Amino acid sequence: TQAKAYEAIRARKPKPIRRNTERMLERTKAVLDELTGTVPTSEAIWLSLRKRKAASITQKFGAYAWRTLHEGYKLGKYWDNIDELRDERMPCQECGVPVESMRHILQECEVSGQETIWKLAMNAWAKTGLEWPPVTVEAVLGVGLLKAKDSDGRILKGRTRLLQILISESAHLAWCIRCEHRIASKSHTQEEIESRWRAVISKKLRIDWALANKQAYGKKALNYRVVSATWHKVAVNRETIRSDIVATEVLVRNARPRRPRGRNR
């Protein structure tokens, strides 16, 4: 077929080495080695951003992390060779940092709301009784390979999903808020940032319970026990959980139960 012929032609052509990508991959491997005790391969890192089986990492975050690994976003040093825009777009004007970077956005920036976002994520994770790992840009990029373990070293599937969800969704939200401020000059209050974080996590929670519906998805449905273990002790209103329909469990206080969409309501 034409697709196979095109694939064969591309396989014969050597892939160019991107120095920025290789540098980010090596840094990600080093951080994952410190956090997990094993050094992953480059292929494992790329595949971790594409896996959808456990439904812990969304496609939007996968695209964001893929481009960040390539250092493909137009920020920081990208504007160094454009004289007309260098002084305006290369630094972070609000923080006074001469060169804006993804590390600054996720760990230091006052505009992205990262401080508030990570505080909320840490508070949610604290209810599990497990240790919160140090979150860096490299940890965010390799979040698909992070594992939550108990005191005996056994991997906890539910807590692993929760850890990956909290880190990936929080990092992507901080990036989105930064972009809204840069592009639309929109300022975000702390209350707005907190509400948006809870809305993002609550949406993920409702999707999890919807995908656990075996009546709707059959063999493709998520494991109910894993989903239950993911959100155990983290969400509120646990008495509203039902295994046969979409759960109305949310993370927002005083929220009214929503009527689930679809034919299985």
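Where an unreviewed UniProt entry is consulted, the protein appears under the name Reverse transcriptase zinc-binding domain-containing protein, with the organism given as Ephemerocybe angulata.

Mapping leucine 145 onto the fold places it in the loop between helix H8 (137–141) and helix H9 (157–184). Relative accessible area serves as the criterion here: at 23%, leucine 145 is assigned to the partly exposed category. Sequence-wise, leucine 145 and leucine 49 are 96 residues apart; in three dimensions their C-alpha atoms are separated by 9.2 Å. Once residues within four sequence positions are removed from consideration, leucine 145 is found in contact with Leu32, Thr36, Pro40, Ala44, Ile45, Ser48 and Gln164.

What follows is about the state of the cysteines. Counted under the stated rule, the structure contains zero disulfides. Between cysteine 95, a cysteine without a disulfide, and cysteine 92, which holds the nearest cysteine sulfur, the sulfur-to-sulfur distance is 3.6 Å.

In total, this model carries seven aromatic pairs according to the counting rule given. Judged by centre distance (5.9 Å) and plane angle (50°), the rings of phenylalanine 61 and tyrosine 64 are tilted. Within this pair, phenylalanine 61 and its partner tyrosine 64 are both found in helix H4 (residues 59–69), separated by three residues, close to a single helical turn. An identical accessibility class is assigned to phenylalanine 61 and tyrosine 64; each is buried. Ring centres of tyrosine 64 and tryptophan 175 lie 5.9 Å apart, and the angle between their planes is 35°; on these two criteria the pair is classed as tilted. With tyrosine 64 in helix H4 and tryptophan 175 in helix H9, this pair connects stretches of sequence that are 111 residues apart. Judged by its relative accessible area of 2%, tyrosine 64 is buried. By relative accessible area, which is 9% here, tryptophan 175 ends up buried. Here the aromatic cluster, defined as three or more aromatic residues joined through ring pairs, consists of Phe61, Tyr64, Tyr73 and Trp175. Above the face of the tryptophan 79 ring, arginine 89 is positioned so that its terminal group lies 4.9 Å from the ring centre.

What counts, and at which threshold
- Each chain carries its own residue numbering, running from 1 in the written order of its sequence.
- Under the rules for a predicted model, residues below a pLDDT of 70 receive no local features and side-chain atom pairs below 80 are neither given nor counted, while totals for whole chains, interfaces and linings still include all residues.
- The side-chain figures draw on all heavy atoms in the structure; neither hydrogens nor water molecules are used.
- Helix numbering and strand numbering both begin at the N terminus, where a helix is a DSSP run of H or I of at least 4 residues and a strand a DSSP run of E of at least 2.
- With a 1.4 Å probe rolled over the protein chains alone, any residue whose accessible area is under 20% of its type maximum counts as buried; one over 50% counts as exposed, and the rest are partly exposed.
- Here a residue-residue contact requires only that any non-hydrogen atoms of the pair lie within 4.5 Å.
- Pairs of cysteine sulfur atoms within 2.5 Å are identified as disulfides in what follows.
- Aromatic pairing here means that ring centres of Phe, Tyr or Trp (its six-membered ring) are within 6.5 Å. Orientation follows from the plane angle: under 30 degrees is stacked, over 60 is edge-to-face, and everything else is tilted.
- Each ring is checked for a lysine NZ or an arginine CZ that lies within 6 Å of its centre and within 35 degrees of its normal; such an atom marks a charge sitting over the ring.

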